[in-house]
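Read off the chains here:
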Amino acid sequence: MNNQRRSTEEAVVEIAKKRCRVLIEKIEGLGITQPCKQTLFKLVHSELSFLSRFPISLPLSVNIGHLEAVVHILQQPFITAVSRVCKPIPFPFSTASKTLPSPNPFHVHIVCTLNKKPVWIIVSDRNPNYISWHPSNKTKGFKSRIQQLLHATHSTNTLKPSSIIFFFSNGLTNFIYQKLKDEFGASKLALEFSDSDFDFTEEIEGEWINVIPRTYKAACVLEIKVGCLANDVVSSEHGMKGSCANVLPLENQGGNENLNLGSGNSFCALLSQMKKVDSTKVEDFSSEDDFINFDTTALIALVSGISNGCAQELLNKPKDELQHRFKGNYEFVIAQAMSEIQNPIHADLSAAISGKRGIICKSVLSEFKELVLMCGGANEKCRADQLLKCLLVVRDSPSERLMGLPTTRKLALKNKIVFGTGDYWHAATLTANMAFVRAVAQTGMSLFTIDHRPRALTGN
């Protein structure tokens, strides 16, 4: 009897170990930052370490299911700009009394962007029958947890989400669902999470078999809106009207009525894929408009001679001539030209901007014009003029949460204005300024950005 029990325990433990190993492979394939991956790796290896101890009594008390659910969410294509995973977020110091101890950190399983808005995601893999609403000797109760989370959202401007998403991987009892709905205004999330997660391994014979099927068909996904963020625009009738003042008047726009893009090159094809600026009236924009915010690096990458067929010509020039022209940037420019030949940047940018309405803030417009005037050649200047005619110019209107970050060398004010304006418009910012993106991520903030390889003006 003891041998049979031991055999059963070993089989259960071995399955749990396999689930951990499969999870490690999944984490390696996630498109999230390395620090977030390292956090998940650490948690999974901790589970493996626990499972390696004997004796282990059944039923197993492990967190593998919870980690599987977290990774399952991170695999969803609509989850972007993940800045924090399974780490506590500390309360900021009280401005009233910095001498008092700060409250305990609150736990958010995923901080990310969903539908172009910042959200917190809470994951529960518990048996729904064991989720208690009211406090007891063993638990503070789920209601208390939600109250703490909502209080936390109002304690910080920089990390404040637009909503909190609850993912109950094993479903939810009707009683808890009704309580969440009636007391906190929870509603089912419109987005559909995939309801299955199959992991395969290979047999010796080479055939593929399913070893660890995991289904989320019973999962319940709810959303509690935190309330309108400061500077919340393009999401409601009020917001659309209120943002009118942040679009520059017609005389400041490029206007595209006389724009002749021509044909036969990647630059013209790229501009033709964007939505045209036919109006500067915000009420003419749909709340579903998909904006994309360009910083100066993105505009330069679009018009650079390197990106527009001159890379090989540049490499064919004498080294002395190039070193004299580009001086300390010689190696930088040569590397860009070689990168362009191997992988043209316009093809990459096409996926990011196709079907979107491009916007730039006034600061970017001024900086871009100045750089093109000083460093651009005749062709680059012509492309710059064409590009600006396809973009909507908006006032510098950074979101409160970006401006709430401390201004430092890595979080420069001018970058907070540019990226903050994109955040204001719920638009991804297309950028090669990864130093700023990393600095923002280190604060725990989720910021919607799309990175591209850098390009320089060449005088083409």
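Every value quoted in this text rests on a predicted model; they were computed, and no experiment measured them.

*Asks:* How would you sum up the overall build of the protein? Please name residues and give values.
*Replies:* In terms of regular secondary structure, the protein is built from 17 helices and 15 strands. A buried classification covers 48% of the 460 residues belonging to the protein. For the protein, long-range pairs separated by at least 24 residues make up 74% of all intrachain contacts whose partners lie at least 6 apart in sequence.

*Asks:* Describe the nonpolar core, naming the residues involved and giving the relevant values.
*Replies:* Core analysis: the largest hydrophobic core is formed by 76 residues, its most contacted members being L180 and F294. Among the elements that line this core, the one with the most residues is helix 8 (residues 296-303), at six residues. In this structure L180 touches W133, F142, I146, F168, L172, G185, A186, L222 and I224, once residues within four positions along its chain are discounted. Formed by 37 residues, the second largest nonpolar core is a distinct cluster that contains L23, C86, V119 and F167.

*Asks:* Break down empty space enclosed by the protein for me, citing the residues and quoting the values.
*Replies:* Under the criterion given, the structure shown has one cavity of 30 Å³ or more. Here the largest cavity defines a volume of roughly 50 Å³. Around the largest cavity, the lining residues are T113, K116, P118, R401, G422, D423, H426, A427, S446, L447 and F448. The class makeup of the residues in the lining of the largest cavity is four nonpolar, four polar and three charged.

*Asks:* An account of helix 13 (residues 362-375) is requested, with residue identities and associated values reported.
*Replies:* In this model, helix 13 (14 residues) spans 20 Å end to end at C-alpha, consistent with the 20 Å of a helix rising 1.5 Å per residue. In the core, the buried residues of helix 13 are packed alongside strand 11 (291-294), helix 8, strand 12 (357-361), helix 14 (378-388), strand 13 (392-394) and helix 16 (413-424).

*Asks:* Please provide a residue-by-residue account of the environment of V108, values included.
*Replies:* Tracing the backbone shows V108 in strand 2 (residues 106-114). Taking relative accessible area as the criterion, V108 reaches 1% and is therefore assigned buried. Between the C-alpha atom of V108 and that of L149, which follows or precedes it by 41 residues, the distance is 8.6 Å.

*Asks:* How would you explain the packing of aromatic side chains if you had to name every residue and give the values?
*Replies:* By the definition in use, this model includes eight aromatic pairs. One aromatic cluster in this structure is built from F142, F166 and F168. Here K188 stacks its cationic end above the ring of Y177, 5.6 Å away from the centre of that ring.

*Asks:* Account for the confidence of the model for the protein, with residues named and values stated.
*Replies:* The predicted coordinates should not be examined in detail at positions where pLDDT is low. When the pLDDT values of the protein are averaged, the result is 82; 78% of them are 70 or greater. Note that pLDDT drops below 50 for residues 200-211; the model gives that stretch 14 contacts with residues more than four away or on any other chain.

*Asks:* Talk me through unusual backbone geometry; I want residue IDs and the actual numbers.
*Replies:* Positive phi is not limited to glycine here, since A81 has a value of about 50°. Following the sequence through the fold, A81 ends up in strand 1 (residues 80-89). One non-glycine residue with positive phi stands out, namely K327, at about 50°. By the element assignment, K327 lies in the loop between helix 10 (319-326) and helix 11 (330-342). A relative accessible area of 58% means that K327 is categorised as exposed.

*Asks:* Can you explain the pattern of salt bridges? Please cite residues and give values.
*Replies:* One pass over the structure, following the stated rule, counts 11 salt bridges. With its nearest N and O atoms 3.1 Å apart, the salt bridge here joins R21 to E14. For R21, a relative accessible area of 40% gives the class partly exposed. Notably, a salt bridge pairs D348 with R453, separated by 2.7 Å at the nearest N-O pair. Here the residue D348 occupies a position in helix 12 (residues 345-353), and R453 occupies one in the segment after strand 15 (449-451), the gap between them amounting to 105 residues. What makes R453 partly exposed here is its relative accessible area of 22%. Linked by salt bridges that have partners in common, K143, K179 and E183 make up one network.

*Asks:* Lay out the sheet that holds strand 5 (residues 187-188) in plain terms, naming residues and giving numbers.
*Replies:* The strand order 1-2-3-4-10-5 describes an open sheet built from six strands, whose pairing is mixed. Two strands close off the open sheet at either side, each with one partner strand: strand 1 and strand 5. Bridge count between strand 3 (residues 117-124) and strand 4 (residues 163-168): six bridges; the pairing is parallel. Each bridged residue has a counterpart across the sheet, and for W120 the counterpart in strand 4 is I164. Against the sheet, helix 5 (residues 174-184) makes contact with strand 4, strand 5 and strand 10 (220-225), and its axis sits at roughly 15° relative to strand 10, the strand it touches most.

*Asks:* Got a sec to walk through the sheet that holds strand 15? Specific residues and values, please.
*Replies:* Whenever strands of a sheet pair, they do so through backbone hydrogen bonds, lying parallel or antiparallel. With respect to topology, five strands assemble into an open sheet ordered 13-12-11-14-15, the strand pairing being parallel. Since the sheet does not close on itself, it has two edges, and those belong to strand 13 and strand 15, each with one partner. In this sheet, neighbouring strand axes are inclined to one another by 35° on average, regardless of whether the strands run parallel or antiparallel. Pairing between strand 14 (residues 428-431) and strand 15: three bridges, direction parallel. Bridged to T429 within strand 15 is T449. Together, strand 11, strand 12 and strand 13 form the strand contacts of helix 13, whose direction differs from that of strand 12 by roughly 80°.

Procedures and definitions
- Every residue gets a number counted from 1 within its own chain, in the order that chain's sequence is written.
- Selection of residues for local features in this predicted model requires a pLDDT of at least 70, selection of side-chain atom pairs for listing and counting requires 80 or more, and totals for whole chains, interfaces and linings are taken over all residues.
- Excluded from the side-chain calculations are hydrogens and water; all other atoms, namely the structure's heavy atoms, are used.
- A helix here means a DSSP run of H or I that spans at least four residues, while a strand means a run of E at least two residues long, and both kinds are numbered starting from the N terminus.
- Relative accessible area decides the class of each residue, using a 1.4 Å probe on protein chains only: under 20% of the type maximum gives buried, over 50% gives exposed, and in between gives partly exposed.
- Note on definitions: a residue-residue contact is assigned when non-hydrogen atoms from the two residues lie within 4.5 Å.
- Each nonpolar core is a collection of buried residues, namely Ala, Val, Leu, Ile, Met, Phe, Trp, Tyr and Cys, held together in the definition by side-chain atoms within 4.5 Å.
- Space inside and on the surface of the protein is sampled on a 1 Å grid over the protein atoms alone, with a cavity defined as a set of points where a 1.4 Å probe fits but cannot get out and a pocket as an open set with protein on both sides within 12 Å along at least 5 of 7 lines; lining residues have an atom within 4 Å of a point.
- Grid points are joined across faces, edges and corners, and a volume is the space filled by probe spheres set on the points.
- Residue polarity is assigned by list, with Asp, Glu, Lys and Arg as charged and Ala, Val, Leu, Ile, Met, Phe, Trp, Tyr, Cys and Pro as nonpolar; anything else, Gly included, falls into the polar class.
- For a helix, the expected span equals 1.5 Å multiplied by the residue count minus one.
- What counts as a ring pair is set by centres within 6.5 Å for rings of Phe, Tyr and Trp (its six-membered ring), and what kind of pair is set by the plane angle: stacked under 30 degrees, edge-to-face over 60, tilted for all other angles.
- Criterion for a charge above a ring: Lys NZ or Arg CZ within 6 Å of the ring centre, and within 35 degrees of the ring normal.
- In predicted models, pLDDT denotes the confidence assigned by the predictor to each residue on a 0 to 100 scale.
- Each reported salt bridge corresponds to a side-chain nitrogen of Lys or Arg within 4 Å of a carboxyl oxygen of Asp or Glu.
- Strand pairing is defined by DSSP finding a minimum of two bridges between the two strands.
- Only the contacting stretch of a helix is used when fitting its axis, a line to C-alpha atoms as for every element, and angles between N-to-C directions run 0 to 180 degrees.

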